Amino acid sequence: MHMRPEDILVPTPAGVCCKPGGFHIDPTRPVERALITHAHSDHARAGHGAVLATAETLDLMRLRYGENFAGRSQAIGYGESIGLDGVTVTFHPAGHVLGSAQIAVTANGLCIVASGDYKTVADPTCVPFALVPCDVFITEATFALPVFRHGSADGEIAKLLRSIALFPERAHLIGAYSLGKAQRVIALLRRAGYRAPIYLHGAMESITHYYVSRGIDLGELRPVRGASKADLTGAVALCPPSALKEVWTRRFPEPLTAFASGWMRVRARARQYGVELPLVISDHADWDGLTATVAATGAQEIWVTHGQEDALVHWCGSRGLKARPLDIVGYGDEDEPDAAATGETPA
Ligand SMILES: [Zn+2]
Ligand SMILES: [Zn+2]
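As the structure is a computational prediction, the values presented were derived from the model and not from experiment. (Residues numbered from 1 in each chain as written. Chains lettered and ligands numbered in written order. Predicted model: local features only at pLDDT ≥ 70, side-chain atom pairs only at ≥ 80, totals over all residues. Heavy atoms only, no water.)

## Quick notes on the pattern of salt bridges
Part 1 of the argument: Under the counting rule described, the total for this entry stands at 17 salt bridges.
Part 2 of the argument: Across the pair Arg-184 and Asp-123 runs a salt bridge, and its minimum N-O distance is 3.8 Å. Of this pair, Arg-184 sits in helix H4 (residues 181-191) while Asp-123 is found in the loop between strand E10 (110-114) and strand E11 (136-141), placing the two residues 61 residues apart along the sequence.
Part 3 of the argument: For Glu-205, the salt bridge is made with Arg-225, and the minimal N-O distance between the two is 2.5 Å. Residue Glu-205 is located in helix H5 (residues 205-213), and its partner Arg-225 is located in the loop between strand E14 (221-223) and helix H6 (229-232); the two are separated by 20 residues in the primary sequence.
Part 4 of the argument: Taking the relative accessible area as the measure of exposure, Arg-225 reaches 53% and is therefore exposed.
Part 5 of the argument: Salt bridges sharing common partners tie together Lys-119, Asp-123, Arg-184 and Asp-283. (Salt bridge = Lys/Arg side-chain N within 4 Å of Asp/Glu carboxyl O. Helix = DSSP H or I, 4+ residues; strand = E, 2+ residues; numbered from the N terminus. Buried < 20%, exposed > 50% of the residue type's maximum accessible area, 1.4 Å probe, protein only.)

## Section: H4
Part 1 of the argument: H4 sits mainly inside the fold: 10 of its 11 residues count as buried.
Part 2 of the argument: Regarding H4, the residues found buried are Lys-181, Ala-182, Gln-183, Arg-184, Val-185, Ile-186, Ala-187, Leu-188, Leu-189 and Arg-190.
Part 3 of the argument: Among the residues trailing H4, Gly-193 stands out with phi positive, at a value near 100°.

## Quick notes on the coordination of the zinc ion (ligand 1)
Part 1 of the argument: Within the first shell, the zinc ion (ligand 1) binds the protein through His-38 (NE2), His-40 (ND1), His-96 (NE2) and Asp-117 (OD), at distances of 2.2 Å.
Part 2 of the argument: One can describe the donor arrangement at the zinc ion (ligand 1) as irregular, given that its 4 donor atoms subtend angles of 87 to 168° at the metal.
Part 3 of the argument: Distance-wise, the zinc ion (ligand 2) is placed 4.0 Å from the zinc ion (ligand 1), both being coordinated by Asp-117. Taken as a pair, His-40 in the loop between strand E4 (33-35) and strand E5 (48-53) and His-96 in the loop between strand E8 (87-93) and strand E9 (101-107) lie far apart in primary sequence, 56 residues in all. Exposure class is identical for His-40 and His-96. Each is buried. (Donors = N, O, S within 2.8 Å, 3.2 Å for Na, K, Ca; no water. Tetrahedral: all angles 85-135°; square planar, octahedral: opposite > 155°, others 65-115°.)

## Section: the coordination of the zinc ion (ligand 2)
Part 1 of the argument: Summarising the metal site, the zinc ion (ligand 2) is bound by the protein donors His-43 (NE2), Asp-117 (OD), Asp-117 (OD) and His-306 (NE2), whose distances to it range over 2.2 to 2.4 Å.
Part 2 of the argument: Between the 4 donor atoms coordinating the zinc ion (ligand 2), the angles at the centre fall across 57 to 131°, so the site counts as irregular.
Part 3 of the argument: Positions of the donor residues of the zinc ion (ligand 2) along the chain correspond to the pattern H-x73-D-x188-H.
Part 4 of the argument: Relative accessible area serves as the criterion here: at 7%, His-306 is assigned to the buried category.

## Let's talk about the environment of Trp-303
Part 1 of the argument: On the secondary structure map, Trp-303 appears in strand E18 (residues 301-307).
Part 2 of the argument: Taking C-alpha positions, Trp-303 is 8.5 Å from Lys-322, a pair spaced 19 residues apart along the chain.
Part 3 of the argument: Here Trp-303 is in contact with Pro-5, Glu-6, Leu-9, Val-136, Phe-137, Ile-138, Thr-139, Arg-324 and Leu-326, once residues within four sequence places are set aside. (Contact = heavy atoms within 4.5 Å.)

## What to know about the packing of helix H2 (residues 55-65) against H5
Part 1 of the argument: Across the interface, H2 lies against H5 with an axial gap of 10 Å and an inter-helix angle of 155°. Put simply, H2 runs roughly antiparallel to H5. Between H2 and H5 the crossing geometry is right-handed. Of the residues in H5, those touching H2 at Ala-55, Glu-56, Asp-59, Leu-60, Leu-63 and Arg-64 are Ser-206, Ile-207 and Tyr-210.
Part 2 of the argument: A per-class count over the contact of H2 with H5 returns 5 nonpolar, 1 polar and 3 charged. (Axes fitted to C-alpha atoms, helices over the stretch in contact; angles between N-to-C directions. Parallel < 35°, antiparallel > 145°, perpendicular 65-115°, else oblique. Left-handed = near helix turned anticlockwise from the far one by under 90°. Nonpolar A, V, L, I, M, F, W, Y, C, P; charged D, E, K, R; others polar.)

## Structural notes on the sheet that holds E4
Remark on secondary structure: sheet strands pair via backbone hydrogen bonds, oriented parallel or antiparallel.
Part 1 of the argument: The strand order across the open sheet built from 6 strands is E1-E2-E3-E4-E5-E6, with neighbouring strands paired in mixed fashion. Of all the strands in the sheet, the pair left with one neighbour each is strand E1 (10-12) and strand E6 (70-75). Each adjacent strand pair in this sheet contributes to an overall mean axis angle of 30°, direction not counted.
Part 2 of the argument: In the sheet, E4 pairs with E5 via 3 bridges, with the strands oriented parallel. Looking at the pairing, Leu-35 lines up with Leu-52 of E5. (Pairing = 2+ DSSP bridges.)

Take a look at the structure:
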């Protein structure tokens, strides 16, 4: 029997649902059986009956939500397939954060790939994105405007190192999302030759130490908690972006604030956070990354979720690809949950 994509996956208010397989992907509300692409809180929520995800995603959910984050959980490795009531699901690396996966759902020879969040550029803290040929590709659209071009993350790290050399007495305080971005910034600094201890805000200690336990070398890490002003003179410290505006920063001598995010391409954003040193480092594909990936999958049909859906849907149409926005409410961007809603455009 000829199958339509909608016979395999349908968007519902709770997220994309596979009726024949009896599961949802990244559900935004509690369901019986959830397949989860990665551990960012808008994709990975607590309270599902059963969760299938990579071991890293399950561990990170456990760190965030506690041991009882789901009724049951099952780990699946990259490249591994599992049959669920006549549907086959396979997990592939998404290159977004540690443990992040694209989920390929196949039935009757028709393959749909739900990519969650992804990036196709190198990241020393996670397995690189794997291109999975498919009939239907479900893509995010966080930075889906032609003006978003992230450039080289190493170039941004070089900018940070120049600032550290220029202001050796000032503490460099870097706002970075606690899961993924913070560890990537640290790993990039180490790869660029920065050897001094790096200080961590309390909110990112456990996740960062989990990365280290998975074999990612981040050099010497110290908690900000308990450090003296003398210790922090000229030091590099990472904190959640929201902490950049808190009294917490007063413990640092002459703090120079930086923020690592794809949104730092938007000058108004950097100003809003009072950021002196914007660092354009993103864990999401930029416009070129999104369009190149969509084209390379060979998919003839594209479903677009969370972000700037319109521009990507339009681009697909101009290439003769069938495309539709999914309009699922509940996904944000981990850096700035309200950013997509403000309709800002880059400077
Ligand atoms: Zn994410
Ligand atoms: Zn997302």
